[in-house]
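Descriptive analysis of the structure
Below, each chain spelled out in residue letters.
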Amino acid sequence: MPQNETQLSIVFEHSGEENQVRLSDLVMALTDFFEHFSEKRLIGKAVFQIVNRAGEAHDNGRSRFDRLLTHCGYDGDAEGFFRDLLNQLGHADGTQRIVVGGITLPHLMLMAVLEVALPGTRFISVKTTEQLEKLANLSIPQTDRDDMQAVLDTYPVRLSMHTIRQMRVSGSVAYQYLPFVQELDTVGHTNTWIGQFHQGLLEQMYQNRVIFLLNMSCPVYCRFCFRKHKESRNESNPTTADVNRAVDHVAGSPSIKEIVITGGDPFMNRSNMAAAIDGLMEIEHVQTLRLATRSIAYYPHMFLGNDGELLNYLKRKSIELQQRGKRMEVATHFIHPDEISPQSLSIITELVKNGIAVYVQTPFLNDCNDQGPELVELFTLLRGAGAELHYIYIPCSPIHGNSVYWAPIDKGLAVGSYLRAHLSDRVIPRICTATPIGKMDWHTSGWAVEPVADNENFIWIRSPYTPGYFKQFAPLANELDNIRVNEEGTIDIQYMAKIDNASLFLGARPPRPDGFVRPPKASIESLLPLVNGADVMVPSIVDTGLKDLSRVHLTRVEMTTSAGDNAFDYIRGDERITDVVVVPATDVVDEFQSIRRIVRALQDVPHVNAVRLRSRAFNHSPERFTPAVIDALGGLNRLTMVNPLRLEIETGFLTADQIQPEHARLARQLGNRGITVYNNTPLFGRINDTSDAIHNLAYACRTAGIEFHHLYVAGLPVQERWNRDFPVDLYDVIDIATTVRREGSGREIPRYIIRTALGETDFGLSSTISGAHGDLSVKLLPYDQAYFKAMDQGFQWPEGVREDDDGHPVVAVNGLLKTTNFALS
């Protein structure tokens, strides 16, 4: 086959012109793709089985591509294959699968072809319906043309070449960026955030953090964006003088600890970005800069162009911030797995490996990512690259012209239960709603109270905020006509959303019963003997047949450092397992040779993307993590685009005063190797079961760079022993969640968890509690018997577990007290 001269021509309907594409370039593109990206999670099971031959000598990208040609009916005929493929891609509009020879070709492979056939890194502003039709292969009905032009005149449309390529082969991507005539619908708001302090580029919605709007435009415009309205998108960009004035405001406001730097896309205005970072890093009370961008998904060239100049800039600034005791984080959005690209994964990995946390927020879009499996796929890929999954926003912001994206609240909550059952606990985001006065987390810091009378489009939501909270920085928030102060003293806010399940209206929480007197605090020294013993594995929920391996979830196992080859065989045999928690007999720092053996064995298991090392020494003996230990751990951490195996350290603090400066230094040193440290804390009655105690602990974790992962409400064996005599009042759990959300950073909030013999469940969100006073049971909404039988065919309900009418298990829970009849108490 000629490798240099053969030309293929194809008419791409976006331009109506023939693009001459060299066959050798196409062959090279797929040879390179299959050389590096032949992982099942990236190309799908069917094509993976076609192209890979395990153990075959000289297997490489070219031999894999040749196997695909054969299976597609083009044995030795690359030219015929590409003519067929490019003909389909030339007419593709994202609504149909690309199939050659009966083989549905994977999304990422098609993107590799389109990067040759439809090259470029620019972004294009769409001004006319004719231009839109050519770019997106659309045919706009004549009856809609005037309305579509009105949409283009009202809400800008801008597309990057990267996004145009993705839209060709993904309707889920096109759905997010292509305009539609329903955008002219005026149902909804022009601004979802009200009552906040606003001055120029600076907005303040919370006491401890502000927003800097550094640039008013984006490379690509999401149609569901809460800043969608023309008044925002057409404002003039701020100047560096504006930035300096905002920095001065922060300098004079010691309560502000975090700044969210956003836009538009702030990275499109590098002078403003530099002024903001350089100015803020000199302010002592500022702790964190959070840089918000969606360009990682839809315009990766911004980071990768010019030999990664922007990435290198961020690394340098991160080091400067660290030298001043501060941190940089990058916030981004991913909606659907079709947005994942090698470029986006490489950007995330590069940032995280250099100590810059990347966290993902995901709007919940009707008919796009609202079923669950696509979110499991998306979040698993992002986690392997090093990202943290922060929020799912339900519903999508109720802005003018985006009603097609709205889904009822109960649909989002159901997906939350699905994720708890099918996704690693380290990747489950918080289920959050951004109300007009601030965010709340479902069934912990807020809930649906009741419908708004005489307005079927609105519901009352109990928020965690109080009138006094806004007094210092946004007093107008207390004068709004869509809020009310409830009997417990927090604000209910009217919110535009639907709830189709009336049982989710929980009503108002009554005040705590008269006569309540908080019992005196107990001495933490009396508790420490219970919690400072050697770590043990969590008991298995199904029979693994192995004493050194415990199955604690569909996706997660725990293993001791003495586990043998049969444990690795078990893990290798179940592709649903993504996480392995290693439980040392003593500690990670004492058993490093065993840790190295385990990690190296798991590096050959492609579906495992995380090894989590449980360490109490991190808490009580951080000095034992010597430079040699840190270097060795860094050498085992494998953050890569393909077949990643990331390392994390799990530890546990009970109170804020346990976290010392040496913990912060150690967390920073590990973070600069891409290793996350996370904290799991049990609630203990009379020790740390107050709002102030957990708020202070959450703040201390955040300050030290330690992720607050789980707050165990009940269920750990050590809790059952202690809380039998000192039970935790469920009323306090809601107060804790309310205070942490209101007073802290959104990045401080843990997941509120109940552990049972059948696994973990989210307090309030994926569980319900029944019973009275101290005789309580928890229903596990994510699970049924079929779920456990999928892991062990011989599974039967353990003794003491009953099944409700819907097939969900109900398990007794000890150490909790219910003092009111309210659903969440």
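Data block above holds the structure.
Figured I'd write up the structure that's included with this text. This is a predicted model, so every value here is computed, not measured.

Here we look at empty space enclosed by the protein
- This structure, assessed with the given rule, holds 6 cavities of 30 Å³ or more.
- In terms of lining, the largest cavity is formed by 47 residues, of which the most central are F226, R227, T262, H333 and Q361.
- Elements represented by at least two residues in the lining of the largest cavity include exactly β8 (202-206), β9 (209-215), α11 (230-233), β10 (258-263), β11 (288-292), β12 (327-333), β13 (357-363) and β15 (430-435).
- Taken together, the residues of the lining of the largest cavity break down into 27 nonpolar, 12 polar and 8 charged.
- In this structure, the second largest cavity spans a volume of roughly 180 Å³.
- Secondary structure elements with two or more residues in the lining of the second largest cavity: β15 and β29 (751-756).
- In the lining of the second largest cavity, the residues fall into 9 nonpolar, 2 polar and 4 charged.

Looking at the layout of surface pockets
- Reported here for the largest pocket is a volume of approximately 1,000 Å³.
- Forming the boundary of the largest pocket are 48 residues, of which D535, R614, R616, L716 and V718 lie nearest the centre.
- Considering each element in turn, the lining of the largest pocket owes the most residues, 5 residues, to helix α20 (residues 524-531).
- Looking at the lining of the largest pocket residue by residue, the classes come out as 20 nonpolar, 15 polar and 13 charged.

Examining the side chain of H695
- Counting through the fold element by element, H695 comes out in helix α26 (residues 691-704).
- According to the relative accessible area criterion, H695 is buried, its value standing at 15%.
- Excluding residues within four positions of it along the chain, H695 makes contact with T739, V740, E743 and G744.

Considerations on helix α9 (residues 161-169)
- α9 sits mainly inside the fold: 9 of its 9 residues count as buried.
- Listed in full, the buried residues belonging to α9 are M161, H162, T163, I164, R165, Q166, M167, R168 and V169.

With respect to the packing of aromatic side chains
- Taken as a whole and assessed by the stated rule, the structure comprises 29 aromatic pairs.
- Judged by centre distance (5.8 Å) and plane angle (75 degrees), the ring pair of F180 and Y405 falls under edge-to-face. Remark: Y405 occurs in the loop between β14 (388-393) and α18 (409-422) and F180 occurs in the loop between α10 (171-177) and β7 (197-199); sequence separation between them is 225 residues. Of the two residues, F180 and Y405, neither departs from the other in class, the shared state being buried.
- The rings of Y206, Y465, Y469, F470 and F473 are connected pair by pair, giving a single aromatic cluster.
- A cation over an aromatic ring shows up here: R209 above the ring of Y206, its NZ or CZ 3.8 Å from the ring centre.
- In this arrangement the basic side chain of R512 is found over the ring face of F516, its NZ or CZ atom lying 3.9 Å from the centre.

Some words on the pattern of salt bridges
- Taken as a whole and assessed by the stated rule, the structure comprises 54 salt bridges.
- K411 is the salt-bridge partner of D370, the closest N and O atoms lying 2.5 Å from each other. Of this pair, D370 sits in the loop between β13 and α17 (373-385) while K411 sits in helix α18, and the two are 41 residues apart along the sequence.
- Classification of K411 as partly exposed rests on a relative accessible area of 25%.
- Sharing partners across several salt bridges, the network here consists of R383, D425, R426, R556, D579, R612, R646, E648, E707, R751 and E760.

What about the packing of helix α5 (residues 78-91) against helix α6 (residues 107-117)?
- Interhelical geometry of α5 versus α6 gives an angle of 85 degrees and a closest axis separation of 11 Å. Judged by the inter-axis angle, α5 sits roughly perpendicular to α6. Here α5 contributes F81, F82, L85, L86 and L89 to the contact with α6, which in turn contributes M109, L110, V113, L114 and A117.
- Residues that form the contact of α5 with α6 fall into these classes: 10 nonpolar, no polar and no charged.

Topic: the nonpolar core
- Ranked by internal contacts, the top residues of the largest apolar core, which has 160 residues, are F81, F82 and F212.
- In terms of residue count, the dominant contributor to this core is α6 (8 residues).
- When neighbours within four sequence positions are excluded, F212 is seen to be in contact with L201, L202, A246, V247, V250, I259, V260, I261, T262, A276 and L280.
- Membership of the second largest hydrophobic core comes to 91 residues, among which are I571, F625, L730 and L816.

Points about the pairing of strand β16 (residues 438-441)
- Residues G438 and M440 point to one face of β16 and K439 and D441 to the other, with burial holding for every one of them.
- Summarising the sheet, β15 and β16 pair through 4 bridges and their orientation is antiparallel. Bridging across to β16, T435 finds its partner in G438.

Observations concerning the sheet that holds strand β21 (residues 549-551)
- Judged by pairing direction, the sheet is mixed, and its 9 strands sit side by side in the order β21-β22-β23-β24-β25-β26-β27-β29-β30 without closing on themselves. Of all strands in the sheet, those bounded by a partner on one side alone are β21 and β30 (759-762). For this sheet the average axis-to-axis angle between neighbouring strands, irrespective of direction, equals 30 degrees.
- One ladder, built from 4 bridges, connects strand β23 (residues 579-583) with strand β24 (residues 610-614); its direction is parallel. Within β24, the position partnered with V581 by the bridge is R612.

Quick look at the side chain of S463
- Note that S463 resides in the loop between β18 (458-462) and α19 (467-470).
- Taking relative accessible area as the criterion, S463 reaches 0% and is therefore assigned buried.
- Polar side-chain contacts of S463 include one of 3.2 Å to the backbone nitrogen of Y465.
- In terms of polar contacts, S463 uses its side chain to reach the backbone carbonyl oxygen of I491, at 2.7 Å.
- Excluding residues that lie within four positions of it along the chain, S463 makes contacts with I437, S445, T490, I491, D492 and I493.

Some points on the environment of T192
- Along the polypeptide, T192 turns up in the loop between α10 and β7.
- Residues T192 and I499 lie 307 residues apart in sequence; the distance between their C-alpha atoms is 19 Å.
- Ignoring anything within four residues of it in the chain, the contact list for T192 reads F226, S397, P398, I399, T435 and P436.

Looking at the environment of V728
- Structurally, the position occupied by V728 is in strand β28 (residues 728-729).
- Between the C-alpha atom of V728 and that of D689, which follows or precedes it by 39 residues, the distance is 6.7 Å.
- In contact with V728, not counting residues within four places along its chain, are L683, F684, G685, D689, N723, V733, G815, L816 and L817.

Some words on the environment of I493
- With respect to the helices and strands, I493 occurs in strand β20 (residues 491-496).
- Look at I493 and you get buried, because its relative accessible area is 0%.
- Considering only alpha carbons, one finds I493 and D59, 434 residues apart in sequence, at a separation of 61 Å.
- The residues contacting I493, other than those within four sequence positions of it, are T435, P436, I437, I459, W460, I461, S463, N482 and I483.

Reading the values: the criteria
Residues numbered from 1 in each chain as written. Predicted model: local features only at pLDDT ≥ 70, side-chain atom pairs only at ≥ 80, totals over all residues. Heavy atoms only, no water. 1 Å grid on protein atoms, 1.4 Å probe; cavity = no way out; pocket = protein on both sides within 12 Å on 5 of 7 lines; lining within 4 Å. Points joined across faces, edges and corners; volume = space filled by probe spheres on them. Helix = DSSP H or I, 4+ residues; strand = E, 2+ residues; numbered from the N terminus. Nonpolar A, V, L, I, M, F, W, Y, C, P; charged D, E, K, R; others polar. Buried < 20%, exposed > 50% of the residue type's maximum accessible area, 1.4 Å probe, protein only. Contact = heavy atoms within 4.5 Å. Phe/Tyr/Trp six-rings, centres within 6.5 Å; stacked < 30°, edge-to-face > 60°. Lys NZ or Arg CZ within 6 Å of the ring centre and 35° of its normal. Salt bridge = Lys/Arg side-chain N within 4 Å of Asp/Glu carboxyl O. Axes fitted to C-alpha atoms, helices over the stretch in contact; angles between N-to-C directions. Parallel < 35°, antiparallel > 145°, perpendicular 65-115°, else oblique. Core = buried A, V, L, I, M, F, W, Y, C linked by side-chain atoms within 4.5 Å. Pairing = 2+ DSSP bridges. Polar contact = N/O pair within 3.5 Å; in protein donor to acceptor, adjacent residues only side chain to side chain.

By themselves, these are just geometric observations and shouldn't be taken as functional.
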